[in-house]
Amino acid sequence: MLSATKLIHSIPVDPLTGAISVPIYQTSTFVQEAPGINKGYDYSRSNNPTRAALENLIAKLEYGATGLAFASGLAAIDAVVKLLKTGDEIVAVDDIYGGAYRLFTAVYEQYGIKVHFVDTSDIAKVSAAITPNTKLIWLETPTNPTLKIADISAIATIAKAHNCLLCVDNTFATPVLQQPLLLGADIVIHSATKYLGGHSDLIAGILIAKDEQIGAKLKFFQNACGAVLAPFDSWLVIRGIETLHLRMKHHCRTAHKVAQYLKTHPAIAEVYYANGGIISFTLVNNTNDAAVNIVSSTQLFKLAESLGGIKSLISHPANMTHKSIPAEKRRAAGVSDSLIRLSIGLEEAEDLIADLANVLDAIEIIK
């Protein structure tokens, strides 16, 4: 587990003024001493001191060489895929985030990049999916939303044997619970919108590369394509990271209690929980209508996209986060019509359980 002391003291004191909080350099450009001669910054798309503070911070927390901050998680994913070329192939987790699925299939397949979706919790299936053209293995672990776990170390060994990159989406676990680069991954990605920001008040993506050369290529794409994170949003992510360790402890503790409750309820068919603050479950009444009724009836759990904030959220992936995935593919990956995802916030466990009980106890169970 990431040390709270390491996290806190990885956030720098401003060397210019001694400010204990990282300053927000809300500027588009920087005065130069002469053409091409400056204090390390010339234009905020290329680099900005506030964004650089965030990028250096997250690189330290994930034990990487290069950190990069983007305007969204999808912008960060897009930069990774730009490492590939026409004819290359990707092996990706099958119950992948819907936005990533849409980007891979609706955008990059038209440029000749083929994607094979497999159950990455099964090492044999990962090995079988690799071809001579495979250049990238894409993991979410835990996965979204069925929370399957992949063996990062074993898959890293496979990736190296086939000379392809391994990228791990670490959004759900965060560097507090998991550091994929130490397990052999080449690139780590975060939707910083979620736990790193932690307050549902920003959109951001983060990349961390273990190797400086790969980091330099990703940095080139960040600057050339321009989807950079603004200074104020960079500061918001830093502010969120300051309390990440404490928040993750509470998320985990409360989620465990809620998951234990759900396992005992007769209306629940399956409960999916690994660690962290996310729980998914399916209903005995495995229908779209039953799930919609539940997600529309809770009081403390707010019906909304996203996760990782201080308020608990409830969502129906089939109609929300994973709607862009064809129904047959979604179901085959384990995302059934009745699957519901919970993002556990910072409320008391007893209150969240009571909110769920008020809804679940009222439904008719049809076996």
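Residues numbered from 1 in each chain as written. Predicted model: local features only at pLDDT ≥ 70, side-chain atom pairs only at ≥ 80, totals over all residues. Heavy atoms only, no water.

A.B. asks: Any chance you could explain the packing of aromatic side chains here in plain terms?
C.D. replies: The relation between two aromatic rings is expressed through the spacing of the ring centres and the mutual angle of the planes. Applying the stated criterion to the full structure yields six aromatic pairs. Taken together, a centroid distance of 5.6 Å and an interplanar angle of 35° make the contact between F30 and Y41 tilted. Placement of the pair is F30 in the loop between α1 (4-9) and α2 (49-61) and Y41 in the loop between α1 and α2, with a sequence separation of 11 residues. You can call Y41 partly exposed: its relative accessible area is 23%. Centroid distance F104 to W138: 5.5 Å. Interplanar angle 90°. Geometry classified as edge-to-face. In this pair, F104 sits in helix α4 (residues 98-107) while W138 sits in strand β4 (residues 134-140), placing the two residues 34 residues apart along the sequence. Taking relative accessible area as the criterion, F104 reaches 0% and is therefore assigned buried. The exposure class assigned to W138 is buried, which follows from its relative accessible area of 0%. (Phe/Tyr/Trp six-rings, centres within 6.5 Å; stacked < 30°, edge-to-face > 60°. Helix = DSSP H or I, 4+ residues; strand = E, 2+ residues; numbered from the N terminus. Buried < 20%, exposed > 50% of the residue type's maximum accessible area, 1.4 Å probe, protein only.)

A.B. asks: Looking at this structure, how should I read the sheet that holds strand β11 (residues 313-315)?
C.D. replies: Strand pairing in a sheet relies on backbone hydrogen bonds. The paired strands run either parallel or antiparallel. Read from one edge to the other, the open sheet built from five strands follows the order β8-β9-β12-β11-β10, with strand pairing classed as mixed. Lying at the two open borders of the sheet, with one neighbouring strand each, are β8 (268-272) and β10 (302-303). As judged from the four bridges shared by strand β9 (residues 278-283) and strand β12 (residues 340-343), these two strands associate in the antiparallel manner. Note that in β12 the partner of I278 across the bridge is S343. (Pairing = 2+ DSSP bridges.)

A.B. asks: Could you clarify how one ought to interpret helix α9 (residues 231-241) in this entry?
C.D. replies: What sets the pattern is the α-helix's 3.6 residues per turn: residues three or four places apart point alike. Along α9, the positions that sit buried rather than exposed are P231, S234, L236, V237, I238, G240 and I241. As for α9, its buried residues are in contact with α1, α2 and α10 (244-263). (Contact = heavy atoms within 4.5 Å.)

A.B. asks: Mind showing me how you'd approach the pattern of salt bridges here?
C.D. replies: Should their charged atoms come close, side chains of opposite charge can pair. Summed over the entire model, instances satisfying the criterion amount to nine salt bridges. For the salt bridge of D88 with K85, the shortest nitrogen-to-oxygen distance reads 3.6 Å. Of the residues examined, K85 reaches a relative accessible area of 53% and is grouped as exposed. Between R330 and D337 there is a salt bridge, and its shortest N-O distance comes to 3.2 Å. Side by side, R330 and D337 carry an identical accessibility label, which is buried. (Salt bridge = Lys/Arg side-chain N within 4 Å of Asp/Glu carboxyl O.)

A.B. asks: Looking at this model, I keep getting lost on the nonpolar core. Mind explaining?
C.D. replies: Note on soluble globular proteins: their nonpolar side chains tend to be buried together. I137, L166, V237 and I241 are the most contacted members of the largest nonpolar core, which totals 49 residues. Only α2, α5 (123-129), β4, α6 (152-161), β5 (165-169), β7 (205-209), α9 and α10 provide two or more residues apiece to this core. With six residues, α2 is the single largest residue contributor to this core. If we ignore the near neighbours within four places in the chain, the residues touching I241 are L7, L54, L57, I58, L61, L196 and R247. If you look at the next biggest cluster of nonpolar residues, it comprises 30 residues, including A76, V81, L103 and A209. (Core = buried A, V, L, I, M, F, W, Y, C linked by side-chain atoms within 4.5 Å.)

A.B. asks: Just checking my understanding: could you explain the pairing of β8 for this structure?
C.D. replies: Across four bridges, the pairing between β8 and β9 is antiparallel. Looking across to β9, one finds that I268 is bridged to L283. Where β8 hands over to β9, the hairpin turn is made up of five residues, of which G276 adopts a positive phi near 85°.

A.B. asks: Sorry if this is basic, but what is going on with the environment of V188 here?
C.D. replies: Locating V188 in the fold gives a position in strand β6 (residues 187-191). Separated by 121 residues in sequence, V188 and G67 have C-alpha atoms that sit 9.4 Å apart. Each residue touching V188, except ones within four places of it in the same chain, is listed here: E62, V168, N170, P180, L181, I206, L207 and I208.

A.B. asks: Can you walk me through unusual backbone geometry in this structure?
C.D. replies: The omega torsion across T141 and P142 is 0°, close enough to zero to call that bond cis. Mapping P142 onto the fold places it in the loop between β4 and α6. The omega torsion across N144 and P145 is 15°, close enough to zero to call that bond cis. Looking at the secondary structure, you find P145 in the loop between β4 and α6. Backbone geometry at L147 places phi at a positive 60°, although glycine is not the residue there. Structurally, L147 can be placed in the loop between β4 and α6. With a relative accessible area of 8%, L147 lands in the buried category. Of note in the backbone geometry, S306 takes a positive phi value of approximately 80° without being a glycine. By secondary structure assignment, the location of S306 is in the loop between β10 and β11. For S306, a relative accessible area of 23% gives the class partly exposed.

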